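Breakdown of the fold
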Amino acid sequence: MNSAEKKMTISAFDTYEGLVDHFVQSTGIFFPKMAAGRGEFFRGFSQWLGGLKQSRPQAVITPDPAQGLALPNAMQILTSALSQSGRSAGETDAATLIEKYGLTTKMLTQPVSTLSGGELLLLNFAKAEAQCRHVSVLTACNPIFWLNPARHKFWLNLCENYEASDKKVEALILRGDHLDAHSHSDKFEPVAPLPLNLQINRPLIDFPEIQFPVFHAASRLQYSWASEPGEIFSPFLLTGDNGVGKSIFARLLAGILPVSSGRAFIVNSDGNSMVRLLFQESITQLFALAPSEYLMRVFSASKELFEQVTRLFRELMQSVCSGKSSDDTRVWSSLLAGKACLIAARLVEKPALLLLDEPGWGLSRHDAGKLVFNTCRLAHQLGTGVGIISHQPEWHDFTRSNLKLKQIEPELVEISHERL
Amino acid sequence: MNAFELPAFLKLQHLRPWWLKIAVLMLIGYPLFSNRPAAFIGAAMGQHLPETLGPMLAWPLITFFVWACCLPSLGTAKLLDYLAAAYAMAITTVVSGAVLRLALPAIFPADTADNFRLLRVYFNILAVFPYSLTFLNSFSVSNLMNRLTRTRGRFREAGLHLALALRICQHVGEVIPKMLLVWREENPDLLLPRCRDDWHGISPLVKWPMWFVRSISQWIFACIILTFEPIPVMVNEIEQIDESRDSDAPDKV
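Residues numbered from 1 in each chain as written. Chains lettered and ligands numbered in written order. Predicted model: local features only at pLDDT ≥ 70, side-chain atom pairs only at ≥ 80, totals over all residues. Heavy atoms only, no water.

1. With respect to the overall build of chain A
Counting its secondary structure elements, chain A contains twelve helices and 14 strands. What you see for chain A is a C-alpha radius of gyration of 22 Å, in line with the 22 Å of a compact globule of 420 residues. Looking at the 420 residues of chain A, the share that counts as buried comes to 60%. Look at the contacts in chain A between residues 6 or more apart in sequence, and 75% of them connect residues 24 or more apart. Element-wise, carbon and sulfur atoms account for 50% of the exposed surface of chain A, whose accessible area totals about 16,200 Å². Of the charged side chains in chain A, 40 are positive and 42 negative; the average position of the first set lies 3 Å away from that of the second. (Helix = DSSP H or I, 4+ residues; strand = E, 2+ residues; numbered from the N terminus. Rg over C-alpha atoms; globule rule 2.2 N^0.38 Å. Buried < 20%, exposed > 50% of the residue type's maximum accessible area, 1.4 Å probe, protein only. Contact = heavy atoms within 4.5 Å. Areas by Shrake-Rupley, 256 points an atom, 1.4 Å probe, with all protein chains shown as cover. Lys, Arg positive; Asp, Glu negative; His and termini not counted. Charge placed at Lys NZ, Arg CZ, Asp CG, Glu CD.)

2. Here we look at the overall build of chain B
When you go through chain B residue by residue, the secondary structure sums to eight helices and zero strands. Going residue by residue from the N terminus, the α and β elements of chain B occur as α-α-α-α-α-α-α-α. Relative to its length of 253 residues, chain B is extended, with a C-alpha radius of gyration of 23 Å against a globular reference of 18 Å. Buried positions account for 42% of the 253 residues belonging to chain B. Accessible surface computed for chain B: about 13,900 Å², of which carbon and sulfur atoms make up 71%. Here chain B contributes 22 positively and 20 negatively charged side chains, and the mean placements of these two sets differ by 6 Å.

3. Focus on the sheet that holds strand S1 (residues 9-13) of chain A
Consider a sheet: its strands pair through backbone hydrogen bonds, and that pairing is either parallel or antiparallel. Residues and elements named next belong to chain A. With parallel pairing, four strands are arranged side by side in an open sheet as S1-S4-S3-S2. The outermost strands of the open sheet, each flanked by one partner alone, are S1 and strand S2 (58-61). Put simply, the sheet's adjacent strands are angled 15° from each other on average, direction ignored. Relative to strand S4 (residues 168-174), S1 runs parallel, the two being bridged by five bridges. Bridged to Thr-9 within S4 is Glu-170. (Pairing = 2+ DSSP bridges. Axes fitted to C-alpha atoms, helices over the stretch in contact; angles between N-to-C directions.)

4. Considering helix H6 (residues 117-131) of chain A
If you check H6(A), its first and last C-alpha atoms are 21 Å apart, about what 15 residues at 1.5 Å a residue would give, namely 21 Å. Counting buried positions along H6(A) gives 15 out of 15 residues, so the element sits mostly inside the fold. (Expected span 1.5 Å × (residues − 1).)

5. Let's talk about the interface of chain B and chain A
Contacts between chain B and chain A engage 62 residues on the former and 59 residues on the latter. Taken together, both faces of the contact between chain B and chain A bury some 5,700 Å²; the carbon and sulfur share is 58%. Between A:Arg276 and B:Glu186 there is a salt bridge; the shortest N-O distance is 3.9 Å. Linking chain B to chain A there are 14 residue pairs in polar contact (both at pLDDT 80 or more). Every element with two or more residues in the side of chain B that touches chain A is listed here: helix H3 (53-103), helix H4 (112-137), helix H5 (141-149), helix H6 (154-186), helix H7 (203-228) and helix H8 (231-243) of chain B. Its residues assigned to classes, the side of chain B that touches chain A shows 27 nonpolar, 17 polar and 18 charged. (Buried area = accessible area lost by both parts, 1.4 Å probe. Salt bridge = Lys/Arg side-chain N within 4 Å of Asp/Glu carboxyl O. Polar contact = N/O pair within 3.5 Å; in protein donor to acceptor, adjacent residues only side chain to side chain. Nonpolar A, V, L, I, M, F, W, Y, C, P; charged D, E, K, R; others polar.)

6. Brief notes about H5(B)
All names here are of chain B. Burial in H5 covers these residues: Val-141, Ser-142, Met-145, Asn-146, Leu-148 and Thr-149. Down the axis of H5, the buried side of the element spans an arc of 165°, and every buried residue falls inside it. For H5, the side-chain oxygen to backbone nitrogen distance between the N-cap and Asn-143 is 3.1 Å, and the N-cap itself is Ser-140. (Arc of directions from axis to C-beta.)

7. Regarding the domain arrangement of chain A
Residues and elements named next belong to chain A. Along its sequence, chain A is carved into domain 1 (3-174) and domain 2 (194-419). Summarising the inter-unit geometry, the C-alpha centres of domain 1 and domain 2 are found 26 Å apart. Across the contact, 27 residues belong to domain 1 and 27 residues belong to domain 2. Across the domain 1/domain 2 interface, buried area totals approximately 2,400 Å², and carbon plus sulfur atoms make up 59% of it. Three residues stand out in domain 1 for area buried against domain 2, namely Ala-35, Phe-145 and Trp-146, and they jointly supply 27% of the buried area on that side. (Domains from an automatic or database assignment.)

8. Remarks on a nonpolar patch on the surface
Taken together, the side chains of B:Leu53, B:Met56, B:Leu57, B:Leu61 and B:Phe116 present a nonpolar region at the surface, about 370 Å² in accessible area. With four residues, the top contributor of residues to the nonpolar patch is H3(B). (Patch = residues over 30% accessible without salt bridge, like charges linked within 9 Å, V, L, I, M, F, W, Y side chains within 5 Å.)

9. With respect to the environment of A:Pro213
One can find A:Pro213 in the loop between strand S5 (194-207) and strand S6 (219-225). Using a relative accessible area of 34% as the deciding quantity, one classes A:Pro213 as partly exposed. Once you skip the residues sitting within four places of it in the chain, A:Pro213 turns out to touch B:Gln13 and B:Asn137.

10. As for the nonpolar core
Within the largest apolar cluster, 168 residues are counted, with the highest numbers of intra-cluster contacts made by A:Leu123, A:Phe125, A:Leu138 and A:Trp155. With 14 residues, the top contributor of residues to this core is H3(B). When residues of this core are assigned to domains, at least three fall in each of domain 1 (3-174) and domain 2 (194-419) of chain A. Not counting residues up to four positions away in its chain, the partners in contact with A:Leu123 are A:Leu69, A:Ala74, A:Ile77, A:Leu78, A:Ile98, A:Leu103, A:Val112 and A:Leu115. Counting 31 residues, the second largest nonpolar core, distinct from the first, contains A:Leu196, A:Val244, A:Ile266 and A:Leu405. (Core = buried A, V, L, I, M, F, W, Y, C linked by side-chain atoms within 4.5 Å.)

11. Some details on empty space enclosed by the protein
All names here are of chain A. Summed over all chains, the structure comprises seven cavities of 30 Å³ or more. By volume, the largest cavity is sized at about 150 Å³. Taken together, 17 residues make up the lining of the largest cavity; nearest its centre are Phe-145, Asp-177, Gly-360, Leu-363 and Gln-392. For the lining of the largest cavity, a count of residues per class yields six nonpolar, seven polar and four charged. (1 Å grid on protein atoms, 1.4 Å probe; cavity = no way out; pocket = protein on both sides within 12 Å on 5 of 7 lines; lining within 4 Å. Points joined across faces, edges and corners; volume = space filled by probe spheres on them.)

12. Some details on the packing of helix H9 (residues 291-298) of chain A against helix H11 (residues 335-347) of chain A
All names here are of chain A. Between H9 and H11, the shortest axis-to-axis distance is 9 Å and the interhelical angle comes to 20°. Relative to H11, H9 is oriented roughly parallel. Here H9 and H11 pass one another in a crossing that is right-handed. Where H9 abuts H11, its residues Pro-291, Tyr-294 and Leu-295 lie against Ala-337, Gly-338, Cys-341, Leu-342, Ala-345 and Arg-346. The residue makeup of the contact of H9 with H11, split by class, is seven nonpolar, one polar and one charged. (Parallel < 35°, antiparallel > 145°, perpendicular 65-115°, else oblique. Left-handed = near helix turned anticlockwise from the far one by under 90°.)

13. Brief notes about the pattern of salt bridges
Opposite charge on two side chains allows them to pair when their charged atoms are near. Under the defined criterion, the tally for this structure stands at 18 salt bridges over all chains. The partner of B:Arg194 in a salt bridge is A:Glu349, and the shortest N-O contact between them spans 3.7 Å. With B:Arg194 in the loop between H6 and H7 and A:Glu349 in the loop between H11 and strand S11 (353-357), this pair bridges two chains. Here A:Glu349 falls in the buried class, since its relative accessible area comes to 18%. Several salt bridges converge on common partners, so that one network encompasses A:Arg276, A:Arg346, A:Glu349, B:Glu185, B:Glu186 and B:Arg194.

14. Here's the deal with the layout of surface pockets
Space inside the second largest pocket adds up to approximately 1,200 Å³. If you go around the second largest pocket, you meet 44 residues; those closest to its centre are B:Phe139, B:Ser140, B:Val141, B:Asn143 and B:Leu144. When contributions to the lining of the second largest pocket are tallied by element, the ones reaching two or more residues are helix H4 (74-84) of chain A together with helix H1 (18-33), H4, H5 and H6 of chain B. In the lining of the second largest pocket, the residues fall into 21 nonpolar, 17 polar and six charged. When we break the lining of the second largest pocket down by domain, the ones giving at least three residues each are domain 1 (3-174) and domain 2 (194-419) of chain A.

15. Quick word on the packing of aromatic side chains
Enumeration according to the criterion identifies 29 aromatic pairs over all chains in this entry. Taking the centre distance of 5.3 Å and the plane angle of 85° together, the rings of B:Tyr122 and B:Phe123 count as edge-to-face. Comparing B:Tyr122 with B:Phe123, the two get one shared label, buried. These aromatic residues form a ring-pair network of at least three members: A:Phe30, A:Phe41, A:Phe42, A:Phe45, A:Trp48, B:Phe221 and B:Phe228. The ring of A:Trp332 is capped by A:Arg314, whose NZ or CZ atom sits 5.0 Å from the centre of that ring. (Phe/Tyr/Trp six-rings, centres within 6.5 Å; stacked < 30°, edge-to-face > 60°. Lys NZ or Arg CZ within 6 Å of the ring centre and 35° of its normal.)

This is the structure in structure tokens:
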């Protein structure tokens, strides 16, 4: 722990909801708990509107790092943040700042909505530094969760800058986070491996040029195997540096991103090739519905599946909440319930593979471990493989294969496979 | 990707100063808010064409004019994206209007003037959709905010409110592609639910419209909520600017 880390205030929470409540209380900024459903959102929003009052000069990294970036691209975010401190800012200032936090100047014009989780967090750091002169405090939620461990240093740099300016830093984290001094890892029984056949024939994705409102050049991304493709074992871990293209690869496998040439697919022992995906920002997959409403809506045209998915959802929740009171109604409208319901809704269809993109986001390490372990257990019973996309090293103890993505050329990513 | 590059001076987002940009955009949009240009074109064409054809062709011509003005700013790919959404909206509106008139003639009586109105609505939607998105995105909120940080005076607060309103409108355009990706993962056929085991025989004829209407309501709520979601953070930023009054700032905007 360095001097900057020692001087920041760290508050650890058991649940995402507890963290959000504290964030709202300490900053005065309303932040919705989306898994609570529409009614709760509008109630909270109108309360915030009714009680709107001038907040203190503060920089924030919101519980979802995307929400703290209110303008369309990094250039606008950084120039606007710099100008708040009375500085006359231009493209060069923004470029210097973005490079300081490990991002490239190419990202200045890239729409924020296309940045990866880690890149969003790093951009938040750059923005917070730009605001440092003007604000009195930085409140940061889960500030290193999305980052590759090699990039944790950028958080420390930011803390040091605030420390040097005699400004306060408050970090709000979930129990078990790497910033949590009392963190400990739960150990889980290994799940029996499930073989899967992953075929990658140099799939190429073209991202078209954006002309409007800000020009951003076209780009492309191609994936290739480092060695001969072959059998991989579920649960597997998909890992790599921030922005290397892990989430894009997941979307490619799930068939929701069109490829210009080549292909990538996965097949299980039954010949099934369906892939379902839980996004990094999985909360948006609830479509602003509470978990129970979501299940009713998705399975409205299939009574049998609805009964199965409800059972699966309850089983998952009970296995994660064992030892806690799962009768508490708040548990059933929490982010944990939202994730469990999305997982159940995907598992019930028995796909060949269920991909979980950063499944631990918004969960304490204990809950994340239990949720993923029980998901793997249930999935393997159904013949479904599980892939985990994450930077969190604790998954290494648990997974049977490791797929590592590495950028070897500007537009080429190589995937290497290691049996664990 | 764009097949050709149009000159930069034709791009509305590059027009300066801001009031000239507004004036040009208003001029382009004028035929959409007033009947006069269509009546004038219709009358001029009516001299050379059969009686109803002239006024009928006026609306497609105006629509093409608006598209042509938006094309250099948007680029071909984005214009086609906007047009795809506009066509879907226009066809849904016109077809549902026609169906209502057939099903409930007592409430929605059909006559030639109504047919003409429906045609006008169709072309209006096709033009208004890309035009309004071009209008909203031609202005940079960050430029406005930067300008406001260096100024004070009576227009400052109004300017900050305008910046917030403009950004919220722009944000809608960012929410929809994100939701579309989520929807595609959920329903790969887009217009059919992924799980439809209970749909046998002719039941889809009843069940599909119900599912479709529910999906539209779901989309509307999701778009509203996801658009509103970042407003508190945006307000916080606007407040920071409001607080950062620079003593050297001039008194007028």
